[in-house]
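Descriptive structure summary
What follows is the residue order along each chain.
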Amino acid sequence: MATEARDLFEARLEDAIRKCTSGSVAQIPFLTMRERRRAERLLDAHGMRGSYWFWGGHCDAERTCLFLLPDYLTAMLPEDDLERSVMLKEYLAEEITDAVMSLSIKGSGFRNLSHRDYLGAILGLGIERDAIGDIAVQDEHSAILFCPRTLAGFLMGELTKVGSDTVRCRECVIDETFTDGKKYRPISDTVASSRLDCVVAALCNLSREAAQSAVRSGLVEVDFEPEERVDTVLEPPITVSVRGHGRFILRSFDGETRKGRLRLRADQLV
């Protein structure tokens, strides 16, 4: 994050903390994964571990709203993560409904629509990217958009075209047929070690020297944070992003070959 953006983000977080400590639920809409990681570190440093919750409309949401909980709520929550999540959804039902709604966007079938098509159409209405959550493509002609209630009415009235196709945008409830829309290409290889430069070389089909250059040039992120140390040791599962090559999920190192190399298993987001 650039310095100015980082300062603004920290100011927003401080405002939310003050609201929370005064006894009210505080909420910050649709953080990126990098912002979420930063928020977690800052909140933990404030001694607020266990007092915050992220929700983006589905369990694997990439863009999520942050909810900060006052003491009277956190004192009643169970330790078990699943039970805690269920109870939080009950406690925060009204806040969640206002913060994260799901809208179905369906085309006529005239042409296939991609994530880029949906995002372009929404941004074309003058909406900033950080004002909405995930856009989960369901099939060639439909997607689910997560957004705050304050934008839902506008989108349902104004989002009538995506690409060159006519679409219909309506409120919906996601069910067991929902998919996050992500598709992956499996990668299997062997590496000399679990160092970042070795892994980047294997994931991106680069030489060791080119991989080291990419890392040192600031082109690589590990779990959505910039990482410029080539000898950083990776422990799966972990996300590795390389500018110009894409995002990868390092799934595991599955033992060693006879020559002592590690068997790498990963997926590339396509």
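An account of the accompanying structure is given in this report. Because the structure is predicted, anything quoted here is derived from the model rather than measured. (Residues numbered from 1 in each chain as written. Predicted model: local features only at pLDDT ≥ 70, side-chain atom pairs only at ≥ 80, totals over all residues. Heavy atoms only, no water.)

1. Focus on helix 7 (residues 149–158)
For helix 7, every residue scored as buried is listed here: Leu151, Ala152 and Leu155. Burial along helix 7 is one-sided: seen end-on, the buried residues are contained in an arc of 115 degrees. Elements in contact with the buried residues of helix 7: strand 4 (101–107), helix 6 (115–123), strand 6 (142–147) and strand 8 (165–171). (Buried < 20%, exposed > 50% of the residue type's maximum accessible area, 1.4 Å probe, protein only. Helix = DSSP H or I, 4+ residues; strand = E, 2+ residues; numbered from the N terminus. Arc of directions from axis to C-beta. Contact = heavy atoms within 4.5 Å.)

2. A look at the sheet that holds strand 3 (residues 64–68)
Strand order in the open sheet formed by three strands is 1-3-2, with antiparallel pairing between adjacent strands. The two strands at the open ends of the sheet, each matched to only one other strand, are strand 1 (26–31) and strand 2 (52–55). Direction aside, the axes of adjacent strands within the sheet are offset by 20 degrees on average. Where strand 1 meets strand 3, four bridges bridge the pair, whose relative direction is antiparallel. Each bridged residue has a counterpart across the sheet, and for Leu31 the counterpart in strand 3 is Thr64. Across the face of the sheet, helix 1 (residues 3–21) comes into contact with strand 1 and strand 3 while running at roughly 150 degrees to strand 1. (Pairing = 2+ DSSP bridges. Axes fitted to C-alpha atoms, helices over the stretch in contact; angles between N-to-C directions.)

3. Overview of the packing of aromatic side chains
Applying the stated criterion across every chain yields a total of four aromatic pairs. An angle of 40 degrees between the planes, with centres 5.9 Å apart, marks the rings of Trp53 and Phe67 as tilted. Placement of the pair is Trp53 in strand 2 and Phe67 in strand 3, with a sequence separation of 14 residues. Comparing Trp53 with Phe67 shows no difference in burial state: the two are buried. By the ring-pair criterion, three or more aromatic residues cluster together here, those being Trp53, Trp55 and Phe67. Stacked on the ring of Tyr184, the Lys or Arg Arg251 has its end atom at 5.7 Å from the ring centre. (Phe/Tyr/Trp six-rings, centres within 6.5 Å; stacked < 30°, edge-to-face > 60°. Lys NZ or Arg CZ within 6 Å of the ring centre and 35° of its normal.)

4. Comments concerning helix 8 (residues 196–204)
Extensive coverage of helix 8 is indicated by the burial of nine of its nine residues. Buried residues along helix 8 sit against strand 9 (184–191), helix 9 (208–216), strand 10 (220–222), strand 12 (238–242), strand 13 (246–256) and strand 14 (262–269).

5. Details of a negative patch on the surface
The grouping of Glu79, Asp80, Asp81 and Glu83 at the surface amounts to a negative patch. Turning to its location among the elements, Asp80 is positioned in the loop between helix 3 (71–74) and helix 4 (81–91). Residue class for Asp80 comes out partly exposed when judged on its relative accessible area of 39%. (Patch = residues over 30% accessible without salt bridge, like charges linked within 9 Å, V, L, I, M, F, W, Y side chains within 5 Å. Areas by Shrake-Rupley, 256 points an atom, 1.4 Å probe, with all protein chains shown as cover. Salt bridge = Lys/Arg side-chain N within 4 Å of Asp/Glu carboxyl O. Lys, Arg positive; Asp, Glu negative; His and termini not counted. Charge placed at Lys NZ, Arg CZ, Asp CG, Glu CD.)

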